[in-house]
Each structure stands twice: as C-alpha cells, then as structure tokens.
Amino acid sequence: MEIIMPAAVGLLTCLCVGGMLPRGAVEGARRTGAGRVGFAETLALWARSIGSHLPVDLVQSHGIAPLGDEAIRVVGPEYAEDLLPVERAQTGAGLVLLACGAGCAVGAVVALSAWGAVVGAAAPIALCGAAAARRRRDDARRIEAAMPEAFGALAISLGSGHSLGQAMRFVGSHAEEPVRTEFLRVSSSMVCGIPASEALDDMLRRLPAPGLELVSLALKVSQRTGAPLKGLLEDAANTVGERMELARRLDVKTSQARMSARLVALMPVAMIALLTLFSSDFRQGLGTVTGMVSVAVAAALNLCAWMIIRKIMEVRI
C-alpha cells in the first residue's frame, strides 16, 4: 500500500499536467520557427497554456507575480522578453504550478507518503519566495546607490538653466535602470502635457527611493516660485550617500547576529521537512492529531521568535 499510493499520486499528477499541455502550440512553433524548439522554450509554452486557465487578477497579484518572475529567470528569461505583461504573468504562474506538481510527485515517491507530497509541493514556492525577497532587497539597494549620482546630475542640469523636463531627460540619459526609465518617463509625461506635480507623484509611487520625496517636493515648489535648487539637491545627494555608508556599517556589525537568527529559524523547518521525507515513524506520528497540533504549535512559536528577533534587530536610518 505504501508503494501504490505515491505511485498513484505521481501518475495522476503526470496525467493532469499532460492533459493541459498545448501540443498544437508546440507543433505550430516547430513548423513556423526558424530552428528547433528547445526544452526551455517548450516548457515555457506549456506553462503559458496552464497559466491561461487561471484568473488574470490572481496571476498578476503581488503574491504570485514575484514567484513567477523567479521561475522564469530559472527556465530562461529570453523566452519572456517579447511577451505582454499578462502573458509573462501567466507563464510564470504556470511554471510555478509545474514546479509544485513535479515537487509533489518527487516528494511522494521519496517519502512514500502524502506528507512527502506536501513538502515537495511547498519546496518550489519557498525557494521562489526566498529568491524574490532577496531580489527585492537587491533592487532597493541598487536604487539607493543610484540616487546620489541622479541628484547630482539633476542639480547640474538645473543649475545650467535647463527646464525641469530637460533636467529629467538629462538624468535619465546618464543613469542606470530602473532610475533611467523612471526619469525619462517623467520627462515624456511633462512633454505630453501632464502637470509636473502629477508626473512627480507618479514617479514617487513607482520608485520608492530615499530622499526622493523631499526632492520631489522641492521641485514642485521651485516649479511654482522659481527658487534655486542646486544647493538643496547637493545636500540631498550627500544625505543619501551618508545614509548608504551608515547602512553598510550596520550590515557589517549585525551580519553575525542576522546569520544566527536565520539558522535558528530555519533549522526546525529543515529538520521537519527532512524527517517527513525520510522517517516513517515521524510521518506516523505526524498523522495523529497530537502530532499535527505539536508541529503547528512549534511552527507558530518559531514564527513568533523570528518576528521578535527581526523587531529587535530593526534599525531605521
């Protein structure tokens, strides 16, 4: 019975995935494409077909879209460059579902239990979530690092007598992504007749960067009164630079404590996952009401401890 159940789960998973595969789309791509369709492109086509069955609001939500983006980066981002935002979101959601299905089948076969299937299905979501969180932190640091140079270029351009729209275009033409696109978008919006205050407010919603709110407010005031902004922009650039230096010092001084907190929080989760996959006695205990309640209480306590540690280590700059 222990062998029949995971085999049946794996077979049903394969049948469900196979029934959703767009064989016509793949064959059409092979007939019309210039060359042979690789495995990654075929997988992307399958994932897009699966994602097209899901609600658009779900695949574009803030919880699913980052997971799908990370899955696309693993498979091959070149296949999603020409897709529309909705199609990219559908492809990413489909890849996540395929990964969960594959993890479910592998976990069921390895553990010979339904609990192993649960762990295997949750593993891709946890990995994609961790990668998405790390990418968000890296993006925030990259934006913060680009701000001093952007403010300095903006001060030089405005000091040279350029208008606000011309200064925004000047900064966008010399900055890196994502600052480049946002400043060029503001310049294009102003050229199209959108008020400067509205264009700057839209940029603030899209680009959460330190010091940008103060600079935006100063630009609005200068747009109405004609007050010079060179000194204020230089001060903003210096302030952001000092903030980055302080953040680096804090990272160095708290790196050991943060690593210890992560290990303490992740070790119980990893141990439960491994015991679920490889220990039949643990799975039998987990199948009882007492076992499930014990694991739930332990997970809740672990989460509370992690939140308390993060609150203690949080330092606002």
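Residues numbered from 1 in each chain as written. Predicted model: local features only at pLDDT ≥ 70, side-chain atom pairs only at ≥ 80, totals over all residues. Heavy atoms only, no water.

I would appreciate a short explanation of helix α9 (residues 179–191) in the present structure.
Structural remark: α-helix, 3.6 residues per turn; residues separated by three or four positions point the same way. Over its 13 residues, α9 extends 19 Å from the first C-alpha to the last, a length consistent with the 18 Å expected when each residue adds 1.5 Å. Buried residues of α9: Val-179, Glu-182, Phe-183, Val-186, Ser-187, Ser-189 and Met-190, and no others. All buried residues of α9 project into a common sector of 160° when viewed along the axis, lining one side. Buried residues along α9 sit in contact with α7 (114–159), α8 (164–174) and α10 (196–206). (Helix = DSSP H or I, 4+ residues; strand = E, 2+ residues; numbered from the N terminus. Expected span 1.5 Å × (residues − 1). Buried < 20%, exposed > 50% of the residue type's maximum accessible area, 1.4 Å probe, protein only. Arc of directions from axis to C-beta. Contact = heavy atoms within 4.5 Å.)

I tried to follow the environment of Glu-213 on my own but got confused; where do I start?
By secondary structure assignment, the location of Glu-213 is in helix α11 (residues 212–225). Taking C-alpha positions, Glu-213 is 9.1 Å from Leu-200, a pair spaced 13 residues apart along the chain.

How should I be thinking about the nonpolar core in this particular structure?
Most often, soluble globular proteins have nonpolar side chains that are buried together. Residues Met-147, Phe-151, Met-168, Phe-183 and Met-203 are the most contacted members of the largest nonpolar core, which totals 30 residues. Of all elements in the fold, only α7, α8, α9, α10, α11 and α12 (230–278) reach the threshold of two or more residues within this core. With seven residues, α7 is the largest single contributor of residues to this core. Judged by nonpolar contacts, the second largest core, of eleven residues, contains Ala-47, Ala-71, Ile-72 and Val-96. (Core = buried A, V, L, I, M, F, W, Y, C linked by side-chain atoms within 4.5 Å.)

Before we go on, may I ask you to explain a positive patch on the surface in this structure?
Positive charge collects at one region of the surface, where Arg-134, Arg-136, Arg-137, Arg-141, Arg-262 and Arg-310 lie side by side. By residue number, the principal contributor to the positive patch is α7, which donates four residues. Its location among the elements puts Arg-137 in helix α7. Residue Arg-137 is classed as partly exposed on the basis of its relative accessible area, which comes to 42%. (Patch = residues over 30% accessible without salt bridge, like charges linked within 9 Å, V, L, I, M, F, W, Y side chains within 5 Å. Areas by Shrake-Rupley, 256 points an atom, 1.4 Å probe, with all protein chains shown as cover. Salt bridge = Lys/Arg side-chain N within 4 Å of Asp/Glu carboxyl O. Lys, Arg positive; Asp, Glu negative; His and termini not counted. Charge placed at Lys NZ, Arg CZ, Asp CG, Glu CD.)

For this particular structure, what's the right way to read the pattern of salt bridges?
Proximity of charged atoms lets side chains of opposite charge pair with each other. As enumerated under the stated definition, the model contains seven salt bridges in all. The salt bridge involving Glu-70 is made with Arg-73; its shortest N-O contact spans 3.2 Å. With Glu-70 and Arg-73 both in helix α5 (residues 65–75) and three residues apart, this pair spans about one turn of that helix. Here Arg-142 ties to Asp-139 by a salt bridge, and the two come within 2.9 Å at their closest N and O atoms.

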